[in-house]
Amino acid sequence: MTVHTPERGLENSLISKLRDLKYTYRDDIRDKAALDANFREKFQELNRVKLSDGEFKRLIEDIIKPDVYEAARTLRSRETFIRDDGTPLNYTLVNIKDWCKNQFEVVNQLRINTDNSNHRYDVMILINGVPVVQIELKNLGISPRRAMEQIVDYKNDPGNGYSRTLLSFVQVFIVSNRTETRYFANNNARHFAFDADERFLPIYQFAEKDNTKVNHLDDFADKFLAKCTLAQMISRYMVLIASEQKLMMMRPYQIYAVKVIVDCIDQNSGNGYIWHTTGSGKTLTSFKASTLLKSNESIHKCLFVVDRKDLDRQTREEFNRFQENCVEENTNTASLVRRLQSDDYADKVIVTTIQKLGLALDESSKHNKRKIARGQETYKQRLEPIRDKRMVVIFDECHRSQFGETHKTIKEFFPNAQLFGFTGTPIFEQNSSVKQFEGDMGSMRTTEDLFQQELHAYTITNAIEDRNVLRFHVDYFEPKGAAGKPGQTLTKQAIAQAIIDKHDAATANRRFNALFATASINDAIEYVDEFKKLQKKIKADHPDYVPLKIAAVFSPPAEGDPNIKQIQEDLEQEKEDYQKDPDAKKKALQAIIADYNAAYATNHKITEFDLYYQDVQKRIKDQEFPNRDLPKKGAEKIDITIVVDMLLTGFDSKYLNTLYVDKNLKNHGLIQAFSRTNRVLNATKPYGHVLDFRNQQDNVDAAIALFSGAQTERAREIWLVDKAPVVIDQLKQAVTDLGDFMKSQGVDAAPEQVNNMKGDDARIQFVKRFKEVQRLQTQLDQYTDLTEEQRAEIERTLPKDELRAFKGAYLETAQRLKEQQGKRTPEGDPVNADVDQLDFEFVLFASAVIDYDYIMKLIAKFSGQDPKKLKISREQLIGLIQSDAKFMDQREEITEYVRSLKEGEALDEAAVRSGYMRFKAEKQAKEIAALAGRHGLETEALSCFVDTILQRMIFDGEQLTDLMAPLGLGWKQRRERELALMADLVPLLNKRAQGRDIAGLNAYEQESA
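Residues numbered from 1 in each chain as written. Predicted model: local features only at pLDDT ≥ 70, side-chain atom pairs only at ≥ 80, totals over all residues. Heavy atoms only, no water.

**Considering the overall build of the chain**
Next, step 1: When helices and strands are tallied, the chain shows 39 helices and 22 strands.
Next, step 2: The buried share of the chain, taken over its 1009 residues, is 54%.
Next, step 3: A separation threshold of at least 6 residues defines the contact pool for the chain, and within that pool the share at least 24 residues apart is 72%.
Next, step 4: Summing over all exposed atoms, the chain offers an accessible surface of approximately 44300 Å²; the carbon and sulfur share of this is 47%. (Helix = DSSP H or I, 4+ residues; strand = E, 2+ residues; numbered from the N terminus. Buried < 20%, exposed > 50% of the residue type's maximum accessible area, 1.4 Å probe, protein only. Contact = heavy atoms within 4.5 Å. Areas by Shrake-Rupley, 256 points an atom, 1.4 Å probe, with all protein chains shown as cover.)

Here is the structure:
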């Protein structure tokens, strides 16, 4: 039996542990006054100053900012304050030169009283009197996401202390139930909120260097909260992203990688490589390593080397995102050489391509030969003065093209250089295809040959287990009725038709999009034509069919263009394809771009291919936004992008979930291509999906074994999702469990009986059980390899109409429970702790297809039907509305509106929309009139009061006083009447706010609780 440790016991235990770690426990700091007094004492001691009361008051007003980013910047900076006598005081809030030398204190049960609330915080860690870490202790079983959501709610409370007290300096939140501990960075509301798609800021688990998780609170305190470690986590391993005004924490494996590179340089102990899987944030790791080296005076330059122009641009943009203007553009090799020669601090970190670096050091290049012929200094000669300087060269995806030669050139020219490589897919003996070069240094075939030693590993196996990337579902396609003969080749028409048939299922009805990897440029061109023909025929036969939007991207012939030559360096197949008939391929690409221009109202040209390529990437990423949020209706996004080599490495989009494959893939190429699909989003994206038309299971198994790291024997189980029969069995069990539970509550296992269950405990259990049913259903909905028998089995387990009805019951129940979340007793405790801990995951219950526009069209279709030949009944239409989370706040109005319509009325869509708006306005006016009558107020005055609140999204207490003034009441009676009115008004305001927060309303929600 699990023993639940009371939160207060956990708190005392943690404080005891922190005291063991030499923190000073301050049980005298329990309110804002004591917190401020302690900070004043520490500030004066650090800055060797004595402030008057007036000066301290002004200082507090100066430094406390509601902007989290600005507060974080102030915490790390040297600032100036003008004293009463006009003299400037240069100060810091903490010892920023050596954070370990600050004073570390711990306080608990701190109360911050403000006008509208009385918040209490479990444990706070103070560095030099500044509260920088808040630790919230929870009961066992609470979801880390729900814990984070509670802190978000707490921070959004208009009476909170985070925006108007020293709590504005909190950098890190830690949540623990003793056995599970998580942490995350503080941020401004736009980066610290739960949006409709339930995407979250990263929530971290701390880990050892070998990725063993540090979960228990005592162990976490030892490893993470040791004074110097915490100081480094905040000062060194948090990144302030200026362009987004956002705080970001580095993950443990990123920190270990940076540390090992820095140690390697400090000890001058040779080269090394970092094996961090695709999608694990290698750019942030390399940026942090580069910036730490920037302050190392023994290093002359730090070069970050990529192998393609598009990655050069992408990396430079990322570096400058982390720190504004930290990396300049190298427009050509001449500017790279100029920056290498420069002693300017701004030129210490340089992002460049491998080709530019190679040209700078290669005397035999055409450019340098021309210089020699003219008697001019070559680039290499110009760089001679820095030959013996200490250089650090960091290579991104270090195994790629030409690397062996450039490695040799750099080592020969810069004998004191240290070389480091980052790779998601190292080259081992097993996947080394050719010897990169031969010479005095011997053959360089593997990543280890090139870099001597592996410094740190974080494999895809680690990342999947940490849920930093998703698992894969691989469907090895077999045509219906085929014997599945080995080596059987499918026609392009059959493959294109299969993709059209399966795309909606694979992408959750086009919520996501896909890449289609083809074997050659000619194949890509043929597929473009094949999709055109097939979709034209389908549209002719089925006028309601909405064609897939299909684009294609492959490089144009280089024709001497250095930019295209540079792009093609890593595009082996495309480079090879242009050896034959380049003109025909160029003509086909021009036609593809012309079709794209027609579809998207753009004006791209093959001569400016990079702009076209960037636009394609942007549109793939724009899948994130609903059509109505994009500029032009109907043709904004791309469903499938046909590629050969491009986009199969280095391209990330959370809304890309599917890869179609008609191309031989193996080893690192296979892993790189598959990894385009497995970026984490939310519960609607359970895995990355691969549909393989070449039956490459042996290659997949070999790649998993090669790149799984230390857990080879369990790798398939970790990497690949369960096959359909297993998930179907899990669904059956979940449905059985739900039915058994409902029967145990004395009701039938039917959707209409959910409302008859008694008590919140029963409703909570229903929510948990049905959420699991829906999660498994979502997973199966996206399987493309289900047989007809399996589909029938799923339908028998939970018929679609019954599933939809259960969804409606779930949303109604969840809405009732959700309204209780965040409500507190006068002592600050949750009104219902079990409800408070529920994580509803509404995104699971929102269809990508069914939106407001779709419903309006359906209502119009319903109203125009012949009552005797119904295609969609009134009840089916209402069921659809009630089962989708997007309509939670409008379900009553839309349902009543549909019930008010006459069959056969034949309204068009515009009439339906205007009719609904009129219906809603009349209903709302009646609600206000009834409310005004009940409370003895003028209807017009109450209506104006409500409209003003909803326009400004701010509740103003003075306006409430003005509203009640005509009643001529004494203060005590007026207060009672105000509370009675607000008890009725709060639910109405929250409903009309449709999920948005109304500032200042929280105080009345607390009262009503």
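There's more to say after this.
**Observations regarding the packing of helix H28 (residues 760-781) against helix H30 (residues 800-818)**
Next, step 1: As a packed pair, H28 and H30 sit with axes 10 Å apart at the nearest point and diverge in direction by 135°. Taken together, H28 and H30 sit at an angle that is classed as oblique. The handedness of the crossing between H28 and H30 is left-handed. For the pair formed by H28 and H30, the contact residues are Asp-760, Arg-763, Ile-764, Phe-766, Val-767, Phe-770, Lys-771, Gln-774 and Gln-777 on the first element and Leu-803, Phe-806, Lys-807, Ala-809, Tyr-810, Thr-813, Arg-816 and Leu-817 on the second. (Axes fitted to C-alpha atoms, helices over the stretch in contact; angles between N-to-C directions. Parallel < 35°, antiparallel > 145°, perpendicular 65-115°, else oblique. Left-handed = near helix turned anticlockwise from the far one by under 90°.)

**So, the state of the cysteines**
Next, step 1: Counting across every chain of the model gives 1 disulfide.
Next, step 2: Covalent S-S linkage joins Cys-100 and Cys-228, the inter-sulfur distance amounting to 1.8 Å. Linking Cys-100 and Cys-228, the disulfide has an S-S dihedral of approximately 115° and is accordingly described as right-handed. Highlighted residues: Cys-100 in the loop between strand S3 (88-91) and strand S4 (104-113) and Cys-228 in helix H7 (residues 227-235), separated in sequence by 128 residues.
Next, step 3: Here Cys-100 falls in the partly exposed class, since its relative accessible area comes to 28%.
Next, step 4: Relative accessible area serves as the criterion here: at 38%, Cys-228 is assigned to the partly exposed category. (Disulfide = S-S within 2.5 Å.)

**Some words on helix H27 (residues 724-744)**
Next, step 1: The terminal C-alpha atoms of H27 lie 30 Å apart, and with 21 residues this matches the ideal 30 Å at 1.5 Å per residue to within 8%.
Next, step 2: Residues of H27 that are buried include every one of Ala-724, Val-727, Ile-728, Leu-731, Ala-734, Val-735, Leu-738, Gly-739, Phe-741 and Met-742, and no others. One side of H27 carries all its buried residues, which in axial view fall inside an arc of 165°. Residues Lys-743 and Ser-744 are exposed on H27 and point more than 90 degrees away from its buried face.
Next, step 3: Phi turns positive, to about 80°, at Gly-746, one or two residues after H27. (Expected span 1.5 Å × (residues − 1). Arc of directions from axis to C-beta.)

**A few points about the environment of Asn-271**
Next, step 1: Structurally, the position occupied by Asn-271 is in the loop between helix H8 (252-266) and strand S11 (272-276).
Next, step 2: Judged by its relative accessible area of 3%, Asn-271 is buried.
Next, step 3: In sequence terms Asn-271 and Val-393 are 122 residues apart; their C-alpha atoms lie 9.6 Å from each other.
Next, step 4: Once you skip the residues sitting within four places of it in the chain, Asn-271 turns out to touch Lys-411, Ala-417, Gln-418, Leu-419, Phe-420, Leu-450, Phe-451, Gln-452 and Gln-453.
Next, step 5: A distance of 3.0 Å separates a polar side-chain atom of Asn-271 from the backbone nitrogen of Leu-419. (Polar contact = N/O pair within 3.5 Å; in protein donor to acceptor, adjacent residues only side chain to side chain.)

**So, unusual backbone geometry**
Next, step 1: Unusually for a residue other than glycine, Arg-48 sits at a positive phi of about 50°.
Next, step 2: Checked against the element boundaries, Arg-48 lands in the loop between helix H2 (32-47) and helix H3 (53-63).
Next, step 3: Look at Arg-48 and you get exposed, because its relative accessible area is 79%.
Next, step 4: One non-glycine residue, Glu-841, lies in positive phi territory at about 50°.
Next, step 5: As for its position among the elements, Glu-841 is in the loop between helix H31 (833-836) and helix H32 (852-863).
Next, step 6: The exposure class assigned to Glu-841 is buried, which follows from its relative accessible area of 7%.

**Re the environment of Thr-181**
Next, step 1: By secondary structure assignment, the location of Thr-181 is in strand S8 (residues 181-185).
Next, step 2: Note: C-alpha distance between Thr-181 and Lys-213 (32 residues apart in sequence) is 9.8 Å.
Next, step 3: Not counting residues up to four positions away in its chain, the partners in contact with Thr-181 are Ile-174, Val-175, Ser-176, Tyr-204, Gln-205, Asn-215, His-216, Leu-217 and Phe-220.
Next, step 4: Among the polar contacts made by the side chain of Thr-181, one reaches the main-chain carbonyl oxygen of Asn-215 at a distance of 2.6 Å.

**Things to note about the pattern of salt bridges**
Pairs can form between side chains of opposite charge whenever their charged atoms are close.
Next, step 1: This model, assessed by the stated rule, comprises 51 salt bridges.
Next, step 2: Between Arg-339 and Asp-347 there is a salt bridge whose closest N-O contact spans 2.7 Å. Taken individually, Arg-339 and Asp-347 each receive the classification buried, so the pair is uniform in this respect.
Next, step 3: Salt bridges here are not isolated pairs; linked through shared partners, they connect Arg-26, Asp-28, Glu-41, Lys-42 and Glu-105. (Salt bridge = Lys/Arg side-chain N within 4 Å of Asp/Glu carboxyl O.)

**Focus on H32**
Next, step 1: Under the 1.5 Å per step criterion, the end-to-end length of H32 is 17 Å for 12 residues, consistent within 8% with the ideal 16 Å.
Next, step 2: Among the 12 residues of H32, 9 are classified as buried, and the element is accordingly described as predominantly covered.
Next, step 3: Buried within H32 are the following residues: Tyr-852, Asp-853, Ile-855, Met-856, Leu-858, Ile-859, Ala-860, Phe-862 and Ser-863.
Next, step 4: Taken together, the buried residues of H32 touch helix H33 (874-882), helix H34 (891-900) and helix H35 (909-935).

**Notes on the packing of aromatic side chains**
Next, step 1: Taken as a whole and assessed by the stated rule, the structure comprises 44 aromatic pairs.
Next, step 2: Taking the centre distance of 6.4 Å and the plane angle of 90° together, the rings of Phe-516 and Tyr-660 count as edge-to-face. Within this pair, whereas Phe-516 is found in strand S18 (residues 513-518), its partner Tyr-660 is found in strand S21 (residues 656-662), the two being separated by 144 residues in sequence. Both residues of the pair, Phe-516 and Tyr-660, belong to the buried class.
Next, step 3: Within the aromatic cluster, the residues linked to one another by ring pairs are Tyr-121, Tyr-162, Phe-173, Phe-184 and Phe-192.
Next, step 4: Note that Lys-155 overlies the ring of Tyr-162, its terminal NZ or CZ placed 6.0 Å from the centroid.
Next, step 5: Sitting over the face of the ring of Phe-192, Lys-155 holds its NZ or CZ atom 4.7 Å from the ring centroid. (Phe/Tyr/Trp six-rings, centres within 6.5 Å; stacked < 30°, edge-to-face > 60°. Lys NZ or Arg CZ within 6 Å of the ring centre and 35° of its normal.)

**Thoughts on the pairing of strand S9 (residues 238-241)**
Next, step 1: Side chains Met-238 and Leu-240 of S9 all project onto a buried face; the interleaved residues Val-239 and Ile-241 project onto the opposite face, where all are buried too.
Next, step 2: In the sheet, S9 pairs with strand S10 (residues 246-249) via 4 bridges, with the strands oriented antiparallel. Bridging across to S10, Met-238 finds its partner in Met-249.
Next, step 3: Connecting the antiparallel pair S9 and S10 is a turn made up of 4 residues, with Gln-245 showing a positive phi of about 50°. (Pairing = 2+ DSSP bridges.)

**Focus on the environment of Ile-881**
Next, step 1: Relative to the helices and strands, Ile-881 resides in helix H33.
Next, step 2: Spatially, the C-alpha atoms of Ile-881 and Ile-894 are 7.7 Å apart, while their sequence positions differ by 13 residues.

**As for the sheet that holds strand S17 (residues 472-476)**
Next, step 1: The parallel open sheet is built from 6 strands, whose spatial order is S17-S22-S21-S18-S20-S19. The strands lining the two open edges of the sheet, one partner per strand, are S17 and strand S19 (550-553). Strand-to-strand twist of the sheet, defined as the mean angle between neighbouring strand axes without regard to direction, takes the value 20°.
Next, step 2: As judged from the 4 bridges shared by S18 and strand S20 (residues 640-643), these two strands associate in the parallel manner. Paired with Ala-517 across the bridge in S20 is Val-643.
Next, step 3: Packed on one face of the sheet, helix H23 (residues 609-621) meets S18, S19, S20 and S21 and runs near 140° to S19.

**Considering the nonpolar core**
Next, step 1: In this structure, Phe-39, Tyr-183, Phe-224 and Leu-225 are the most contacted members of the largest nonpolar core, which totals 111 residues.
Next, step 2: No other element matches H8, which puts 9 residues into this core.
Next, step 3: Residues in contact with Leu-225, not counting those within four places in the same chain, are Leu-18, Leu-21, Tyr-23, Ile-125, Ile-135, Ile-174, Phe-220 and Leu-230.
Next, step 4: Grouped together as the second largest cluster of nonpolar side chains are 108 residues, Ile-410, Ala-463, Ala-498 and Val-644 included. (Core = buried A, V, L, I, M, F, W, Y, C linked by side-chain atoms within 4.5 Å.)

**So, the pairing of strand S13 (residues 349-353)**
Next, step 1: Burial analysis of S13 places 5 of its 5 residues in the buried class, which makes it a mostly covered element.
Next, step 2: Side-chain alternation along S13 places Val-349, Val-351 and Thr-353 on one buried face and Ile-350 and Thr-352 on a second face that is also buried.
Next, step 3: The pairing of strand S12 (residues 301-306) with S13 spans 5 bridges and is parallel. When the sheet's bridge partners are listed, Phe-304 is paired in S13 with Val-351.

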